[in-house]
Every structure is written in C-alpha cells, then in structure tokens.
Amino acid sequence: MHIEPGMLAQAKILFASVSASGVLAAHAIVLFKRPALILRTVLAAIFFSLFMQSFHLPVGPSELHFVGAMPIYLTLGFVPTVLGFGLGLLVQGLLFEPTDLLHLGVNTLSLAVPLMVLHHTVGKRLRTLSVANILKLDALYYTGVTVMVGLWLSVGEVATPLAAWATFAASYLVIVAIEPVFTYAAVRLLQRHADRPAMRLCFDLAGRA
C-alpha cells in the first residue's frame, strides 16, 4: 500500500501530510481521557511494524503487505489502531525505509481512512466473532485500502495503467483469505486469559474503543 517517492507532486504530499496530522491529532485527544489507550497505541504500532516487516512484496505500482489490521483492531481497539498506523509508519521509515518518510502522510491516510469508515459503519455493530464476520471486515477494509492507493495513483505525476493497479488490488485477496483465520485464533487465545489484569490493561476484547 506504499506510494513510492516521485509519484506525487509536493502540493499533494503537503495536503496529505496536513490531513493525516489532523486525523491523528483528532484521535489522540482521546488519550488524555483514557490514558490506558497510550499503552495500547504503542502495542498497536509494534504489532503493525512487525506484521509489515514480516512480509512485503512489490506488486504493480505498490506493495503487498501483511498489514494485520483486523487482529490489531479487534484486540487493541479503534483509536490505538489508527494512531498505531501513523506511529508504526514513522518508526519503520526512521529505522528501515527513510525514503518512505516523504509519503508518511499519504500512506497513513491510505490505512487510516478505510479503518475509520469501517469502524463507524459495520465495526461498531459487530456483535458475534466468527471467521465469516472477520472475513467481511477484512474484505471491506482492504477494498478501501486498494481504492485509496488507486486514488493516489490517479492524481500522480506518473501515469499508472489501470491493469497495474488491478494487479495490485487483486494481490490483497491473499491477505483477505489468510488474515481472518489468524485474527480469529489470536482473539480467541487472548479471550481465554481476559480475566487477567495485564490482559485487561493491554487489550480491548469487547469495546473496540
């Protein structure tokens, strides 16, 4: 889901950076009201970074990543996941891919906006945890991510063939097929120990705040 350097004009990068900063700042306000979310945000950034670094493959105009969005969202909550995306991308840029820092705002929006839409629609109404329900969440989320990448490419300085974007979008079918099973297993494992104080502090297995 990365947009490579040179694809976007400076004005568009600036717009994305300002927009991403606004999104993260708006959600960071919640941390002052619920300090426990600070720890969960740090955990979200760590897990996200580990997932992203565990598998990434160039596909078409972007990259296929194991993002791990649903296991993070369903175990740590909405706000920590949104903030964890931004923090995780920043850490990865500083440690592994300094060139990605140029498009930090762009890539943050590509991940955060679909999650915001998902959470405020079907996410809040999720009552029963099953592989089928998680599959629906994953399908909606990664559709949003690939659409966001498509939007960035459509306003890019370099023309990108539709077929190249379609190849990239289709590659995420693999993630949509695999991630629900991983997510379900992770949530069930954590729920077995949900009565422990450390688990209640670190994970949000019910509210998805």
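What you see is a predicted model; the values in this text were computed from it and never measured. (Residues numbered from 1 in each chain as written. Predicted model: local features only at pLDDT ≥ 70, side-chain atom pairs only at ≥ 80, totals over all residues. Heavy atoms only, no water.)

> Break down the overall build of the protein for me, with residues and values.
Per the secondary structure count, the protein includes 9 helices and 2 strands. Taken from N to C terminus, the helices and strands of the protein fall in the order α-α-β-β-α-α-α-α-α-α-α. Taking 2.2 N^0.38 as the reference for a compact globule, 209 residues should give roughly 17 Å; the C-alpha atoms of the protein span a radius of gyration of 17 Å, in line with that estimate. Taken over the C-alpha atoms alone, the protein extends approximately 55 × 35 × 30 Å along its principal axes. (Helix = DSSP H or I, 4+ residues; strand = E, 2+ residues; numbered from the N terminus. Rg over C-alpha atoms; globule rule 2.2 N^0.38 Å.)

> Any chance you could break down a nonpolar patch on the surface for me, citing the residues and the numbers?
Residues Leu-87, Leu-90, Val-91, Leu-94, Leu-95, Phe-96 and Leu-101 make up a contiguous nonpolar surface patch of about 590 Å² in total accessible area. On the basis of relative accessibility, which here comes to 56%, the residue Leu-94 falls in the exposed class. (Patch = residues over 30% accessible without salt bridge, like charges linked within 9 Å, V, L, I, M, F, W, Y side chains within 5 Å. Areas by Shrake-Rupley, 256 points an atom, 1.4 Å probe, with all protein chains shown as cover. Salt bridge = Lys/Arg side-chain N within 4 Å of Asp/Glu carboxyl O. Buried < 20%, exposed > 50% of the residue type's maximum accessible area, 1.4 Å probe, protein only.)

> Lay out helix 1 (residues 10-33) in plain terms, naming residues and giving numbers.
Taking 1.5 Å per residue, 24 residues should reach 34 Å; helix 1 reaches 36 Å between its end C-alpha atoms and fits that length. Of the residues making up helix 1, those classed as buried are Ile-13, Ala-16, Ala-20, Val-23, His-27 and Leu-31. Looking at the buried positions of helix 1, the neighbouring elements they touch are helix 2 (36-54), helix 4 (78-95), helix 5 (104-123) and helix 6 (131-154). (Expected span 1.5 Å × (residues − 1). Contact = heavy atoms within 4.5 Å.)

> Just give me the short version of helix 7 (residues 162-171), but keep the residues and values in it.
Looking at helix 7, one finds that the buried residues are Ala-164, Phe-168, Ala-169 and Ser-171. The arc that holds every buried residue of helix 7, seen down its axis, measures 160 degrees, which confines them to one face. In helix 7, those exposed residues whose orientation departs by more than 90 degrees from the buried face are Leu-162 and Ala-163. Packing partners of the buried residues in helix 7 comprise strand 1 (56-59), strand 2 (62-65), helix 6 and helix 8 (173-191). (Arc of directions from axis to C-beta.)

> An account of the packing of aromatic side chains is needed here, citing residue identities and associated values.
Using the criterion set out here, one finds 7 aromatic pairs in the structure. Relative to Phe-85, the ring of Phe-48 has its centre 5.0 Å away and its plane inclined at 65 degrees; by these criteria the two rings are edge-to-face. Placement of Phe-48 in helix 2 and of Phe-85 in helix 4 is noted, with a sequence separation of 37 residues between them. Comparing Phe-48 with Phe-85, the two get one shared label, buried. Ring centres 5.3 Å apart and planes at 85 degrees place the aromatic pair Phe-51 and Phe-66 in the edge-to-face group. One end of the pair, Phe-51, is in helix 2; the other, Phe-66, is in the loop between strand 2 and helix 3 (69-76), with 15 residues separating them in the sequence. Taken individually, Phe-51 and Phe-66 each receive the classification buried, so the pair is uniform in this respect. Feature note: the residues Tyr-141, Tyr-142, Phe-168 and Tyr-172 constitute an aromatic cluster, connected by ring pairs. (Phe/Tyr/Trp six-rings, centres within 6.5 Å; stacked < 30°, edge-to-face > 60°.)

> Before we move on, can you summarise the pattern of salt bridges with the specific residues and values?
Evaluated as defined, the whole model comprises 1 salt bridge. The salt bridge involving Glu-157 is made with Lys-12; its shortest N-O contact spans 3.4 Å. With Glu-157 in the loop between helix 6 and helix 7 and Lys-12 in helix 1, the pair connects residues that are 145 residues apart, well separated along the chain. Taking the relative accessible area as the measure of exposure, Lys-12 reaches 31% and is therefore partly exposed.

> Give me the lowdown on the packing of helix 1 against helix 4, citing residues and values where you can.
Between helix 1 and helix 4, the least distance of the axes is 10 Å, while the angle of their chain directions is 135 degrees. Taken together, helix 1 and helix 4 sit at an angle that is classed as oblique. The handedness of the crossing between helix 1 and helix 4 is left-handed. Note on element contacts: helix 4 touches helix 1 through Phe-78, Val-79, Val-82, Leu-83 and Gly-86, opposite Val-23, Leu-24, His-27, Ala-28, Val-30 and Leu-31. (Axes fitted to C-alpha atoms, helices over the stretch in contact; angles between N-to-C directions. Parallel < 35°, antiparallel > 145°, perpendicular 65-115°, else oblique. Left-handed = near helix turned anticlockwise from the far one by under 90°.)

> Break down the pairing of strand 1 for me, citing the residues and quoting the values.
Strand direction decides the pairing type here: strand 1 and strand 2, joined by 4 bridges, are antiparallel. Counterpart to Leu-57 in the pairing with strand 2 is Leu-64. The hairpin formed by strand 1 and strand 2 contains 2 residues between the paired strands, and Gly-60 there has a positive phi angle of roughly 55 degrees. (Pairing = 2+ DSSP bridges.)

> Pulling in residues and values, what's your account of the packing of helix 3 against helix 8?
The relative placement of two packed helices is expressed as an angle between their axes plus a distance between the axes. The contact between helix 3 and helix 8 brings their axes to 8 Å, and the two run at 25 degrees. It follows that helix 3 is roughly parallel to helix 8 by the angle criterion. For the pair helix 3 and helix 8, the sense of crossing is right-handed. Every residue of helix 8 that contacts helix 3 at Ala-69, Met-70, Pro-71, Leu-74 and Thr-75 is listed here: Glu-179, Phe-182, Thr-183, Val-187 and Leu-190. Taken together, the residues that form the contact of helix 3 with helix 8 break down as 7 nonpolar, 2 polar and 1 charged. (Nonpolar A, V, L, I, M, F, W, Y, C, P; charged D, E, K, R; others polar.)

By themselves, these figures tell us nothing about what the structure is for.
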